[in-house]
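Now for the letters of each chain:
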Amino acid sequence: MGIENAKRRWQALLGEENARFDTSARRPYERATFATDTKVSGVLRVKSKQHLQQALIIANEESVPVYPLSTGKNYGYGSSVPTCNGAVVIDLSALNQIIRFDKTHGTLTVQPGVTFEQVYQFLKEQGADFSIAGTGSTPASSLIGNTLERGIGKGLTSNRVDNICNLEVVLPNGQCIHTGLSRFVNAKGKDVTKFGPGPFFDGIFTQSNFGVITEMTFWLTPTPKAFTTFVYTIKDETKLPEVIDALRFLKQRDILRSSTTLFNDHRILGYVGEYPWDLCDGNRSLTDEEVKTALQRSLPIASKWYGDGALFCHSRAQARAEIKLIKQALSGLVSNLIFFRRPYVTFASKVLTALRKFSGKSFINPIEIYFNKSLYLGHPLSITQTLGSTYIRKKMSLPNANQIDPDKDQCGTYWMGPIVPFEGSEIAAATKIIKDVITAYGYEPAMTLQCMLARQIDIITSISFDREISGEDEKAKACHDELLKKLCLAGYYPYRLGNQSQHLLPAPNDDYLQFTTAIKHALDPNDILAPGRYDFKKQAKRASQSTNG
């Protein structure tokens, strides 16, 4: 029993080329966008559900921990690094088949290796009248991996876990189950409903280590006939709470059905990718005036906050009515409110061309980003814009798209996403905590307000630094940990956690830990599947010590 026996058995099962334990195979799974000393014992590349089942049986029999990954693009939260030391990574990226697409109901069933770019191209080739909610992450990230972390999209189905069903799950002991109706061979409704007779299990397999998802069905968004997007700016930051309250009004009344997003100036600077080294040496946070100056070099308008949204309308009359309501709600609060819809985008393109010619500046084309290639319709963002933002504090030229690798290039990034009630005063309080903590450590408080639901906003916050500078790893970690602590103390808990912060939440004041521990023990008595992943063992230990003490 042990790792050596497991190695031989895995190699016999998968072949030596797919069960590797050499340093070169392990190294990519041991680095992230922050310091980590976690070591990987090996890498298994499985190409079928059956091989996965057998690999897990071996792990159980030999008592070797394993850590499954979809595509391993969890940048800022741990990348491909496991939550425990010495685990063998199970790489599922070769399970990359699109299993089913239903053109009538707009359902898509995929394996864990299927990426957002792959789905976009597939739907385009099919001439499909549907789209997947776009991602702000790399186009090479996994649909299933993103969903299991309860990732956020753009559009009507932005809250992904609300728009999935029919999970095929391999349990830690190698058994396989299907959720909803798909456990019945002839169930016609398996891709159109979450529910079937009996308990509803889909949720327990997100943010957990209870099983490995090998298939999942997604509900897509129909393409509207009069798709419309809009952008605006908030020049006076004191107006932000009022804008939030106005957006809540629109969301609660179903006028603004899609998700909507606000970006602060520091976040936009990261997307533009031009740190003003001539204004600041990076040893402190940029001042408001320095950020403004930097943005003016690349954008036609420099502002404190930038907002965008989309209207999924099915007639011009509907679009006109909804535009009118949004203008009324935001009147006097925002500036530069612009709507993009056909045929008016043609005229807007001409105006932009003239502006570029007159100013002599090569401005980013908002029509391409916010309309022609909108994330709201599933268009994948350019990798230079998504992962390129992690290079903001690096004194190097941004690599070519096919060479961008923030882990390898030691781009320092931590992400954090506190959940905040959809209320202006709460957003003001939470953003102040974020700004105060991050600027105290000398970093830029880059924030995105993801307004998915009518009652909840997730503030997606990043801490960017250069890992090649001595002491930055330690300082950035201290900043991350202090920020998480202060947000929790104020009641703003994160919607997801990085692999490095699974143990940092306070212990709960109920029996939650005992409940989840009982489920884990029942499904995985040998604790071989992703130990430490959202199982909060250290919190349970602290709670037990407190009770017994």
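Residues numbered from 1 in each chain as written. Predicted model: local features only at pLDDT ≥ 70, side-chain atom pairs only at ≥ 80, totals over all residues. Heavy atoms only, no water.

Engineer: Explain the sheet that holds strand β4 (residues 87-91) to me, using residue names and the numbers behind them.
Structural biologist: Strands pair in a sheet through their backbones, by hydrogen bonds, and they do so in one of two ways: parallel or antiparallel. Read from one edge of the open sheet, four strands run β1-β2-β4-β3, paired in mixed fashion. Only two strands of the sheet have a single partner each, and these edge strands are β1 (19-20) and β3 (66-69). Looking at chain direction, β1 and strand β2 (residues 40-45) are connected through two bridges and run antiparallel. By the bridge assignment for β2, R20 is matched with V43. Contacting β1, β2, β3 and β4, helix α1 (residues 3-14) runs over the sheet at an angle of about 15° to β2. (Pairing = 2+ DSSP bridges. Helix = DSSP H or I, 4+ residues; strand = E, 2+ residues; numbered from the N terminus. Contact = heavy atoms within 4.5 Å. Axes fitted to C-alpha atoms, helices over the stretch in contact; angles between N-to-C directions.)

Engineer: Describe the pairing of strand β12 (residues 226-234), and please don't skip the residues or the numbers.
Structural biologist: Buried residues dominate β12, accounting for nine of its nine residues. Neither face of β12 is exposed, since A226, T228, F230, Y232 and I234 on one face and F227, T229, V231 and T233 on the opposite face are all buried. Note that β12 and strand β14 (residues 305-313) share nine bridges and pair antiparallel. Following the sheet pairing, F230 is matched in β14 by G309. Relative to strand β15 (residues 335-340), β12 runs antiparallel, the two being bridged by four bridges. Bridged to T229 within β15 is F340. (Buried < 20%, exposed > 50% of the residue type's maximum accessible area, 1.4 Å probe, protein only.)

Engineer: Go over the packing of α1 against helix α3 (residues 49-62) with me, naming the residues and quoting the values.
Structural biologist: Look at α1 against α3: their axes get within 10 Å of each other, and the N-to-C directions meet at 165°. The orientation of α1 relative to α3 falls into the category roughly antiparallel. At the point where α1 passes α3, the crossing takes the right-handed sense. Each of N5, A6, R9, W10, L13 and L14 in α1 lies in contact with α3, whose residues at this interface are H51, Q54, A55, I58, A59, E61 and E62. Split by residue class, the contact of α1 with α3 holds seven nonpolar, three polar and three charged. (Parallel < 35°, antiparallel > 145°, perpendicular 65-115°, else oblique. Left-handed = near helix turned anticlockwise from the far one by under 90°. Nonpolar A, V, L, I, M, F, W, Y, C, P; charged D, E, K, R; others polar.)

Engineer: Please provide a residue-by-residue account of the side chain of N18, values included.
Structural biologist: As for its placement among the helices and strands, N18 is situated in the loop between α1 and β1. Setting aside its immediate chain neighbours within four residues, N18 contacts V43, L44, R45 and K47.

Engineer: Please set out helix α4 (residues 116-126) residue by residue, giving values where relevant.
Structural biologist: Among all positions in α4, only F116, V119, Y120, F122 and L123 are buried. All buried residues of α4 lie within an arc of 165° about the axis, which places them on one face of the element. Away from the buried face of α4 by more than 90 degrees, exposed residues K124 and E125 are located. Taken together, the buried residues of α4 touch β5 (98-102), β6 (107-110), β7 (130-131) and α5 (143-148). Backbone geometry just after α4 places G127 at a positive phi near 65°. (Arc of directions from axis to C-beta.)

Engineer: Could you give an account of the nonpolar core, naming the residues involved and the relevant values?
Structural biologist: One finds Y232, V243, L247, L262, L449 and I459 to be the most contacted residues of the largest nonpolar core, which totals 56 residues. Counting 25 residues, the second largest nonpolar core, distinct from the first, contains I98, I132, L167 and V169. (Core = buried A, V, L, I, M, F, W, Y, C linked by side-chain atoms within 4.5 Å.)

Engineer: Please provide a residue-by-residue account of the pattern of salt bridges, values included.
Structural biologist: Inspection of every chain in the model, using the stated rule, returns 27 salt bridges. One salt bridge connects E149 with R533, and the closest N-O pair in it is separated by 2.6 Å. Taken together, the residues span a long stretch of sequence, with E149 in the loop between α5 and β8 (164-170) and R533 in the loop between α15 (512-523) and α16 (537-548) at a distance of 384 residues. By the burial criterion, E149 is buried, and R533 matches it. Salt-bridge contacts for D466 lead to K394; the nearest nitrogen and oxygen are separated by 2.8 Å. (Salt bridge = Lys/Arg side-chain N within 4 Å of Asp/Glu carboxyl O.)

Engineer: Residue-level account of unusual backbone geometry, with values.
Structural biologist: Going from R342 to P343, the amide bond is cis rather than trans, its omega being 5°. Relative to the helices and strands, P343 resides in the loop between β15 and α10 (344-359). You will see that N336, though not glycine, has its phi angle at about 55°, which is positive. A positive phi angle, near 55°, is found at Q410, a position not held by glycine. Secondary-structure assignment places Q410 in the loop between α12 (383-386) and β16 (411-416).

Engineer: Before we move on, could you go through helix α6 (residues 240-252) and cite the residues and values that matter?
Structural biologist: Taking 1.5 Å per residue as the helical rise, α6 with its 13 residues ought to reach 18 Å, and the 18 Å between its terminal C-alpha atoms agrees with that figure. Looking only at α6, the buried set comprises L240, V243, I244, A246, L247, L250 and K251. Each buried residue of α6 sits inside an arc of 165° when the element is viewed along its axis, so together they form one side. (Expected span 1.5 Å × (residues − 1).)

Engineer: Which residues make up the packing of aromatic side chains, and what values go with them?
Structural biologist: By the definition in use, this model includes twelve aromatic pairs. Here F230 and Y232 contribute two aromatic rings whose centre-to-centre distance is 6.3 Å and whose plane-to-plane angle is 15°, an arrangement assigned as stacked. No difference in accessibility class separates F230 from Y232, as the two residues are buried. Look at Y443 and F465: their rings are 6.2 Å apart centre to centre, the planes differ by 50°, and that puts the pair in the tilted class. In this pair, Y443 sits in the loop between α13 (424-440) and β18 (446-451) while F465 sits in strand β19 (residues 456-466), placing the two residues 22 residues apart along the sequence. The two residues Y443 and F465 agree in class, both being buried. Three or more aromatic residues link up through ring pairs in this structure, and these residues are F34, Y414, Y443 and F465. Lying over the aromatic face of W277, K395 brings its terminal NZ or CZ to 4.8 Å of the ring centre. (Phe/Tyr/Trp six-rings, centres within 6.5 Å; stacked < 30°, edge-to-face > 60°. Lys NZ or Arg CZ within 6 Å of the ring centre and 35° of its normal.)

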